[in-house]
Amino acid sequence: MSRYTKKRYNIHDVVPGMEVADLVLTEDGKVALSEGATLNFSNIERLKYWGVTSLMIKGPIEPGPELPNEPMGPLNQQQQKFFQKYDMAVHAIRNAFQNMRYFKEVPIQEMQELAEQAIEPLVETVGVVNHLQMAPREDDYTFHHSINVAVMSGVLGKWLGYNSEEVKELILAGLLHDIGKTQVPLEILNKPGKLTAEEMQVMRSHSTLGYQLVRSIQQVTPAVSYAVLQHHERMDGSGYPLQVKADKIHPYARIVAVADIYDAMTSDRVYTNKTSPFSVAEMLVQEMFNKLDPNICTIFLNNVRDFFLGSIVKLSDGRKAEVIYLGQFTGSRPVVRTDEGEFIDLEKRKDIGILNLESRQG
Ligand SMILES: [Fe+2]
């Protein structure tokens, strides 16, 4: 069982997705919320209306014994704040997804609020790509994945020069892209082994099912619906459900596709294995050549590269070093300067790898 910490929060600091640790009473002694209840936008408003000023909230799971072994650098305050907000968003999407499975209705207002109030601030955080990769993943994959794709779709939209309204739409598209999975039987969705051809077909129907769930919702623009429908289509026509090509794929769907695959790769130990977001982005571009929008990929790589320059990394030989140069070509490894002042061209020293990103200067 997970062990939770408890902490008292001011009513103005609580956010949807938080779990109530102790019974909440109104001034006149009425039960406002019971222990274990999950906060959402409407019950928070209700608590404020009733004059509740503070409440006990379940904190993050206490670090288990495995955590100190993680070769993760010291978390700075900004990163911790990011993780906290991220964790809340994952809780909120979990509740929404679980409700959707039974009610077959998208809580669109909640999703919009989640996009604007929780995800948008994450998108605006400096170093968001790195924070996202380092964020602890404690919940089911689907919930983390939806939040990560929402964040990355927003980040990509910003980098591509979309305006703030469009970035909001992209975030919503990321949040909703896999909601069709709420209509896929749990035994298929959570099957640990390989799926049979038939099960794969059911799984793949999630983009169409998702489209059917959102297409008639007034607040969901056609662009967002297309992103849901087409996020598995590929530029070379090898995707699904309709196997459309290049310009038949909506730009939002192409963005969500990059965010989707990038997150699948960063969640996969085979790829991440303590590599930097930059390496994962590079691998994505190499592996998905012809399948993803090259313009989005290039902007993605360049921006992650900019961020990666100047960062402090831990080398496989245990030393710390600063990334001072990145080659122009995809796949090239950086030049680093160690704490002792030694310059190492990792392109030439293939025996040394980068274990992880420790921090970023400045
Ligand atoms: Fe999907």
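Here is what the cut-offs are and how they apply
- Residues numbered from 1 in each chain as written.
- Predicted model: local features only at pLDDT ≥ 70, side-chain atom pairs only at ≥ 80, totals over all residues.
- Heavy atoms only, no water.
- pLDDT = per-residue confidence, 0-100.
- Helix = DSSP H or I, 4+ residues; strand = E, 2+ residues; numbered from the N terminus.
- Axes fitted to C-alpha atoms, helices over the stretch in contact; angles between N-to-C directions.
- Parallel < 35°, antiparallel > 145°, perpendicular 65-115°, else oblique.
- Left-handed = near helix turned anticlockwise from the far one by under 90°.
- Contact = heavy atoms within 4.5 Å.
- Nonpolar A, V, L, I, M, F, W, Y, C, P; charged D, E, K, R; others polar.
- Donors = N, O, S within 2.8 Å, 3.2 Å for Na, K, Ca; no water.
- Tetrahedral: all angles 85-135°; square planar, octahedral: opposite > 155°, others 65-115°.
- Buried < 20%, exposed > 50% of the residue type's maximum accessible area, 1.4 Å probe, protein only.
- 1 Å grid on protein atoms, 1.4 Å probe; cavity = no way out; pocket = protein on both sides within 12 Å on 5 of 7 lines; lining within 4 Å.
- Points joined across faces, edges and corners; volume = space filled by probe spheres on them.
- Polar contact = N/O pair within 3.5 Å; in protein donor to acceptor, adjacent residues only side chain to side chain.
- Expected span 1.5 Å × (residues − 1).
- Pairing = 2+ DSSP bridges.

### Points about the confidence of the model for the chain
- The predicted model of the chain has a mean per-residue pLDDT of 84, with 87% of residues at 70 or higher.
- Considering each helix and strand of the chain separately, the mean pLDDT is smallest for helix H12 (residues 269–272), with a value of 60, and largest for helix H10 (residues 222–230), with 98.

### Points about the packing of helix H2 (residues 77–103) against helix H3 (residues 108–123)
- Running from amino to carboxyl end, H2 crosses H3 at an angle of 160 degrees, the nearest separation of the two axes being 10 Å. One finds that H2 runs roughly antiparallel with respect to H3. Pair H2 / H3 crosses with left-handed handedness. For the pair formed by H2 and H3, the contact residues are Phe-82, Lys-85, Tyr-86, Ala-89, Ala-92, Ile-93 and Ala-96 on the first element and Met-111, Leu-114, Ala-118, Ile-119, Pro-121 and Leu-122 on the second.
- Its residues assigned to classes, the contact of H2 with H3 shows twelve nonpolar, no polar and one charged.

### Brief notes about the coordination of the iron ion
- Coordination of the iron ion by the protein is provided by Asp-178 (OD), His-206 (NE2), His-231 (NE2) and His-232 (NE2), with metal-donor distances spanning 2.2 Å.
- Taken together, the four donor atoms coordinating the iron ion and their angles of 82 to 171 degrees define a geometry best described as irregular.
- In the primary sequence, the donor residues of the iron ion line up as D-x27-H-x24-H-H. You can see His-206 sitting in helix H9 (residues 206–214) and its partner His-232 sitting in the loop between H10 and helix H11 (251–267), a full 26 residues away along the chain. One exposure class covers both His-206 and His-232, and it is buried.

### As for the layout of surface pockets
- Estimated volume of the second largest pocket: approximately 1,100 Å³.
- Tyr-141, Asp-178, Lys-181, Met-203 and His-232 are the residues nearest the centre of the second largest pocket, which is lined by 36 residues in total.

### With respect to the environment of Lys-191
- Its location among the elements puts Lys-191 in the loop between helix H7 (186–189) and helix H8 (197–204).
- Look past the residues within four positions of Lys-191 in its chain and what remains in contact with it is Leu-186, Thr-196 and Glu-199.
- A distance of 2.7 Å separates polar atoms of two side chains, one belonging to Lys-191 and the other to Glu-199.

### Here we look at helix H6 (residues 164–176)
- When the terminal C-alpha atoms of H6 are compared, their 18 Å separation across 13 residues agrees well with the 18 Å that a helix rising 1.5 Å per residue should span.
- All of the buried residues along H6 are Val-167, Glu-169, Leu-170, Ile-171, Leu-172, Ala-173, Gly-174, Leu-175 and Leu-176.
- For H6, the elements touching its buried residues are H2, H3, helix H5 (141–159), H9, H10 and H11.
- One side-chain oxygen of the residue at the start of H6 lies 3.0 Å from the amide nitrogen of Glu-165, identifying that residue as Asn-163.

### Quick notes on the packing of H9 against H10
- The interhelical angle for the contact between H9 and H10, taken along N-to-C directions, is 160 degrees, at an axis separation of 7 Å. Between H9 and H10, the angle falls in the class roughly antiparallel. For the pair H9 and H10, the crossing hand works out as right-handed. Note on element contacts: H10 touches H9 through Ser-225, Val-228 and Leu-229, opposite Ser-207, Thr-208, Gly-210, Tyr-211 and Val-214.
- Here the residues of the contact of H9 with H10 sort into four nonpolar, four polar and no charged.

### As for the pairing of strand E6 (residues 320–325)
- Two strands pair when backbone bridges link them, and strand E5 (residues 311–315) and E6 are joined in this way by three bridges, in the antiparallel orientation. Residue pairing for E6: Val-313 is matched across the bridge by Ala-321.
- From the end of E5 to the start of E6, which pair antiparallel, there are four residues, and Gly-318 there has a positive phi angle of about 95 degrees.
- Here E6 pairs with strand E7 (residues 335–338) via four bridges, running antiparallel. Bridge pairing links Tyr-325 to Val-335 in E7.

### Some points on empty space enclosed by the protein
- Enumeration over the complete set of coordinates arrives at two cavities of 30 Å³ or more.
- One number sums up the size of the largest cavity: a volume of about 50 Å³.
- Lining the largest cavity are Glu-233, Arg-234, Met-235, Ile-249, Ala-253, Arg-254, Ala-257, Lys-291, Leu-292 and Asp-293.
- Of the pockets and cavities examined, the second largest cavity occupies roughly 40 Å³.
- Lining of the second largest cavity is provided by Val-129, Leu-132, Gln-133, Arg-137, Asn-148, Met-152, Tyr-262, Asp-263 and Thr-266.
- Elements represented by at least two residues in the lining of the second largest cavity include exactly helix H4 (128–134), H5 and H11.

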